[in-house]
Amino acid sequence: MNRGDTVQILLQYTVEGEAIQEGEFDEIEFSIGSKRFMLTDGDIVWDSEQEAYTIALSQEDTIALPGVQKYQVRFKKDGKVISSDIDTVEFGKSISEEIL
């Protein structure tokens, strides 16, 4: 994927060996670079076809995320928070940074 692409991120995680389910958590936070996406803000939504929570990154989002970026997801349920490992993703270059 390149800067300026629109990207759908699937949160296909497991907790204690079980795939996460719709409505299971009070809050989900996905952080990538300096951007933060929250379930309660409507940034993270359940996709019943994919059977996973999804996040849509816009062209503006990916243009603002050059090169290699760290990301992590955190889940909150009943006052307890657990997090994924920190991982990285690379956004390739784009000749144009104009929004289409």
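Shown above is the structure to which this text applies.
Remember, predicted model here, so these are calculated numbers, not experimental data. Counting of residues starts from 1 at the beginning of each chain's written sequence and follows it residue by residue. Residue-level local features of this predicted model are given only where pLDDT is at least 70; pairs of side-chain atoms are given and counted only at 80 or more, and the full residue set underlies all totals for whole chains, interfaces and linings. As a rule here, side-chain values come from all non-hydrogen atoms in the structure, and water together with hydrogens is ignored.

Chemist: What's the story with the sheet that holds strand E6 (residues 44–47) in this structure? I'm lost.
Modeler: Sheet strands associate in pairs through backbone hydrogen bonding, adopting either a parallel or an antiparallel arrangement. One open sheet accounts for 3 strands, arranged E1-E7-E6; its pairing is antiparallel. Of all strands in the sheet, those with a lone pairing partner are strand E1 (7–11) and E6, marking the two edges. Going from strand to strand, the sheet's axes swing by 40 degrees on average, the running direction of each strand aside. The sheet contact formed by E1 and strand E7 (residues 52–57) spans 5 bridges and is antiparallel. Paired with Leu-11 across the strands is Tyr-53, a residue of E7. Only strands that DSSP links by at least two bridges are regarded as paired with each other. Numbering of helices and strands runs from the N terminus; a helix is a DSSP stretch of H or I covering at least four residues, while a strand is a stretch of E covering at least two. Comment: axis = line fitted to C-alpha atoms, over the contacting stretch for helices; angle = value between 0 and 180 degrees taken between N-to-C directions.

Chemist: Even after reading the chapter, I still don't get the packing of aromatic side chains, so can you show me in this structure?
Modeler: To describe a pair of aromatic rings, you give the distance between the ring centres and the angle between the ring planes. Two aromatic rings from Phe, Tyr or Trp, using only the six-membered ring of Trp, form a pair when their centres are within 6.5 Å; if the ring planes differ by under 30 degrees the pair is stacked, by over 60 it is edge-to-face, and anything between is tilted. One pass over the structure, following the stated rule, counts 5 aromatic pairs. Seen from their ring centres, Phe-25 and Phe-75 are 4.7 Å apart, and the 35 degrees between their planes marks the pair as tilted. Remark: Phe-75 occurs in strand E8 (residues 67–77) and Phe-25 occurs in the loop between strand E3 (18–19) and strand E4 (27–32); sequence separation between them is 50 residues. For Phe-25, a relative accessible area of 8% corresponds to the buried category. When the ring of Phe-30 is compared with that of Tyr-71, the centres are 5.9 Å apart and the planes differ by 35 degrees; the resulting orientation is tilted. A residue pair is termed long-range when its members are at least 10 positions apart, and Phe-30 in strand E4 and Tyr-71 in strand E8 qualify at 41 residues. Exposure categories follow from relative accessible area, calculated using a 1.4 Å probe and restricted to protein chains: below 20% of the type maximum is buried, above 50% is exposed, and the middle band is partly exposed.

Chemist: Sorry, what's going on with the environment of Ser-94 here?
Modeler: Among the secondary structure elements, Ser-94 is positioned in the segment after strand E10 (87–91). Among the residues examined, Ser-94 registers a relative accessible area of 29% and is labelled partly exposed. The sequence separation of Ser-94 and Pro-66 amounts to 28 residues, and the corresponding C-alpha distance is 9.7 Å. For Ser-94, the side chain forms a polar contact with the main-chain oxygen of Ser-96, separated by 2.7 Å. Polar contacts, as used here, are pairs of N or O atoms within 3.5 Å; protein pairs need one atom able to donate a hydrogen and one able to accept it. Residues neighboring in sequence count only if both atoms are side-chain atoms.

Chemist: Explanation requested: the environment of Ala-19 in the structure shown.
Modeler: Mapped onto the secondary structure, Ala-19 falls in strand E3. Measuring from C-alpha to C-alpha, the distance between Ala-19 and Glu-51 comes to 9.5 Å, with 32 residues separating the pair along the chain. Should any heavy atoms of two residues lie within 4.5 Å, those residues are considered in contact. If we skip the residues at most four places from it in the chain, Ala-19 touches Tyr-13, Thr-14 and Glu-24.

Chemist: Help me understand the environment of Ile-82 in this model?
Modeler: Tracing the chain through its elements places Ile-82 in strand E9 (residues 80–83). The class for Ile-82 is partly exposed, based on a relative accessible area of 39%. Ignoring anything within four residues of it in the chain, the contact list for Ile-82 reads Val-15, Val-73, Arg-74 and Phe-75.

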